[in-house]
Amino acid sequence: MSLAKPSLEMLRALTDENVLRALMEEGRLTRAEIAARTGISKPTVSDSVRRLSEAGLLADTGERTTGRGRVGTYYSLAADTGAALVASISPEGVVAETVDAFGTVTARAEVGLGRAPGPHATARALTEAVALVRPRVHGPLRTAVVSAADPVDRVTGRLVHLPDAPFLVGDLDPAAVLADTVDGTVLVDNDINWAARAERATGCALGVDDFVYVHLGEGLGCAVVTDTEVRRGHHGLAGEIAHLYTAGPRGTALPLIEVFAELGLRRAESTAIDVDALRTATLGDSATARWIRGALARAVGGVLAAAVALADPRLIVLGGTWGAEPHIAEAIRERFAELPRSVPVTTARVPEPELAGARTRAVEALRTAIIATPRPQPST
């Protein structure tokens, strides 16, 4: 039985995608350069450039090649092909960025937010931050990616209020807040999951398929990466380690978050960890500082042991505002190495990892949306 040949429409679509992706990677190219990079014939590339220009996706930059031979015209994406929105919701506030298909951040705005703002104040801050960056975009906001310092329901994309969570946003639906601003899909995930993706893409876990990212900051969390994918769990709540039982400071088993209460390292009337107090208490070589470092190392080491038993990672990554502190990370590393099943422990490297991870995903989604833009049907 003979296989059906691909249709002319399919071949044109594949050619257009290759041309667009080449330009997204390089920024600007002549038709001859596109042909050389894609392996597609020059006449076929010329037809594609014409189609994409008629669809409003490509534009002549006005630049020409110099030197001997035929003069070439440089093409790039049209200025109004649009952008992606990237947003971060955390105790530090809301950050909104716009990013183009080349991966360049074209605008950024920050709006302050308290530690227990509730859904209405958070929605207002998100709306305000987006309004500050929207005028910088020529064309539509084709997609959005949101990072949230709260658990995220994987089905609905709504934030989930867990008991004793230090950052109390409540039942917020970021996709609904952004519905009138963003033309396409809005993808929402937990900030620690985005941070883990960033470390695998460009950081300390580059190319590592199986690792666990442990966030130690005002809040506590974990991302489990297996076979290159972040495992979010049935409800999207995988990695919520705050109430995992571990070794307490005085030899009794306690939920991890209660260890910090025992050590006097939580904010008043809150489950949030007092990072400044923790840093001060663990610095130096006094007996008290050594004892607190040891207590933290035992508690976190118990969590790492559970992660190794359940996920079998190749690597543990420590991140967060105090998890990557050298003196704390070293204490955890030494304690963990004493346990029967230990793996290498390293510290996170990527700045603003939650934004970096979300930004990478936003660029991918934006490029896909641009490629899927309807084209004028050729006359028969």
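Residues numbered from 1 in each chain as written. Predicted model: local features only at pLDDT ≥ 70, side-chain atom pairs only at ≥ 80, totals over all residues. Heavy atoms only, no water.

In the annotation of an unreviewed UniProt entry, the protein is listed under the name ROK family protein and assigned to Streptomyces cathayae. Under the Sequence similarities (unreviewed entry) heading, UniProt states for the protein: "Belongs to the ROK (NagC/XylR) family." (UniProt positions renumbered as here; feature names shortened; annotations may be inferred.)

(A) Expanded view of the sheet that holds strand S7 (residues 186-190). Strand order in the open sheet formed by five strands is S5-S4-S3-S6-S7, and the pairing between neighbours is mixed. The strands lining the two open edges of the sheet, one partner per strand, are strand S5 (105-111) and S7. Strand-to-strand twist of the sheet, defined as the mean angle between neighbouring strand axes without regard to direction, takes the value 15°. In this structure, strand S3 (residues 83-90) lies alongside strand S6 (residues 141-148), joined through seven bridges in parallel fashion. Bridge assignment links Ala 83 to a residue of S6, and that residue is Leu 141. (Pairing = 2+ DSSP bridges. Helix = DSSP H or I, 4+ residues; strand = E, 2+ residues; numbered from the N terminus. Axes fitted to C-alpha atoms, helices over the stretch in contact; angles between N-to-C directions.)

(B) Expanded view of the confidence of the model for the protein. Scored by pLDDT, the protein comes out at a mean of 92, with 94% of its residues at no less than 70. Summarising per-element confidence for the protein, the mean pLDDT is lowest in strand S1 (residues 58-64) (92) and highest in strand S8 (residues 211-216) (98). (pLDDT = per-residue confidence, 0-100.)

(C) Representation of the nonpolar core in the model. In terms of nonpolar packing, the biggest core is built from 38 residues, with Leu 220, Phe 260, Ile 316 and Trp 322 touching the most fellow members. Within the residue set of this core, elements represented by two or more residues are S8, strand S9 (220-226), helix H7 (256-262), helix H8 (275-282), helix H9 (287-311), strand S13 (315-319) and helix H10 (326-337). The leading source of residues in this core is H9, at 11 residues. Excluding residues within four positions of it along the chain, Leu 220 makes contact with His 215, Ile 241, Ala 242, Leu 256, Ile 257, Phe 260, Ile 273 and Trp 322. (Core = buried A, V, L, I, M, F, W, Y, C linked by side-chain atoms within 4.5 Å. Buried < 20%, exposed > 50% of the residue type's maximum accessible area, 1.4 Å probe, protein only. Contact = heavy atoms within 4.5 Å.)

(D) Seen up close, the packing of H8 against H9. Where H8 contacts H9, the axes come no closer than 7 Å and their chain directions differ by 120°. Comparing the axis directions of H8 and H9 gives the class oblique. The residues of H9 that touch H8, namely those facing Leu 278, Ala 281 and Thr 282, are Ala 289, Ile 292, Arg 293 and Leu 296. For the contact of H8 with H9, a count of residues per class yields five nonpolar, one polar and one charged. (Parallel < 35°, antiparallel > 145°, perpendicular 65-115°, else oblique. Nonpolar A, V, L, I, M, F, W, Y, C, P; charged D, E, K, R; others polar.)

(E) Region of the structure containing the pattern of salt bridges. By the definition in use, this model includes 23 salt bridges. Glu 54 is the partner of Arg 50 in a salt bridge, and the nearest nitrogen-oxygen pair spans 3.7 Å. Of this pair, Arg 50 and Glu 54 both sit in helix H3 (residues 42-54), four residues apart, which is roughly one turn of that helix. Judged by its relative accessible area of 42%, Arg 50 falls in the partly exposed class. A salt bridge links Asp 60 to Arg 64; its shortest N-O distance comes to 3.0 Å. On the accessibility criterion, Asp 60 (40% relative accessible area) is partly exposed. (Salt bridge = Lys/Arg side-chain N within 4 Å of Asp/Glu carboxyl O.)

(F) Quick look at the packing of aromatic side chains. Using the criterion set out here, one finds one aromatic pair in the structure. Centre to centre, the rings of Phe 260 and Trp 322 are 5.7 Å apart; their planes meet at 65°, and the pair counts as edge-to-face. Remark: Trp 322 occurs in the loop between S13 and H10 and Phe 260 occurs in helix H7; sequence separation between them is 62 residues. Judged on exposure class, the residue Phe 260 and its partner Trp 322 are both buried. Taking the ring centre of Tyr 74 as reference, the NZ or CZ of Arg 28 above it sits at 3.8 Å. Against the face of Trp 194 rests Arg 197, its NZ or CZ located 4.4 Å from the ring centre. (Phe/Tyr/Trp six-rings, centres within 6.5 Å; stacked < 30°, edge-to-face > 60°. Lys NZ or Arg CZ within 6 Å of the ring centre and 35° of its normal.)

(G) Quick look at empty space enclosed by the protein. Across all of its chains, the model carries one cavity of 30 Å³ or more by this definition. As a volume, the largest cavity reaches approximately 60 Å³. What lines the largest cavity is simply Pro 151, Asn 190, Ile 192, Asn 193, Gly 221, Cys 222, Gly 236, Ala 238, Gly 239 and Glu 240. At the level of elements, helix H6 (191-202) and S9 are the ones that each hand at least two residues to the lining of the largest cavity. (1 Å grid on protein atoms, 1.4 Å probe; cavity = no way out; pocket = protein on both sides within 12 Å on 5 of 7 lines; lining within 4 Å. Points joined across faces, edges and corners; volume = space filled by probe spheres on them.)

(H) Just the sheet that holds S13, in detail. Sheet architecture is open: five strands sit in the order S10-S9-S8-S13-S14, paired in mixed fashion. Each edge of the sheet is formed by a strand with only one pairing partner; in this case those strands are strand S10 (229-230) and strand S14 (345-347). H9 rests against S8, S9 and S13 of the sheet, and its axis sits at about 155° to S8.

(I) Structural detail: the layout of surface pockets. When its volume is computed, the second largest pocket comes out at roughly 460 Å³. Of all the secondary-structure elements, those providing two or more residues to the lining of the second largest pocket are S7, H6, S10 and helix H11 (353-371). Top element by residues in the lining of the second largest pocket is H6. It accounts for seven residues. Partitioning the lining of the second largest pocket into residue classes produces eight nonpolar, four polar and eight charged.

(J) Representation of the state of the cysteines within the structure. Using the criterion set out here, one finds zero disulfides in the structure. The closest cysteine sulfur to the non-disulfide-bonded Cys 204 is located on Cys 222, 14 Å from its own sulfur. On the accessibility criterion, Cys 204 (13% relative accessible area) is buried. (Disulfide = S-S within 2.5 Å.)

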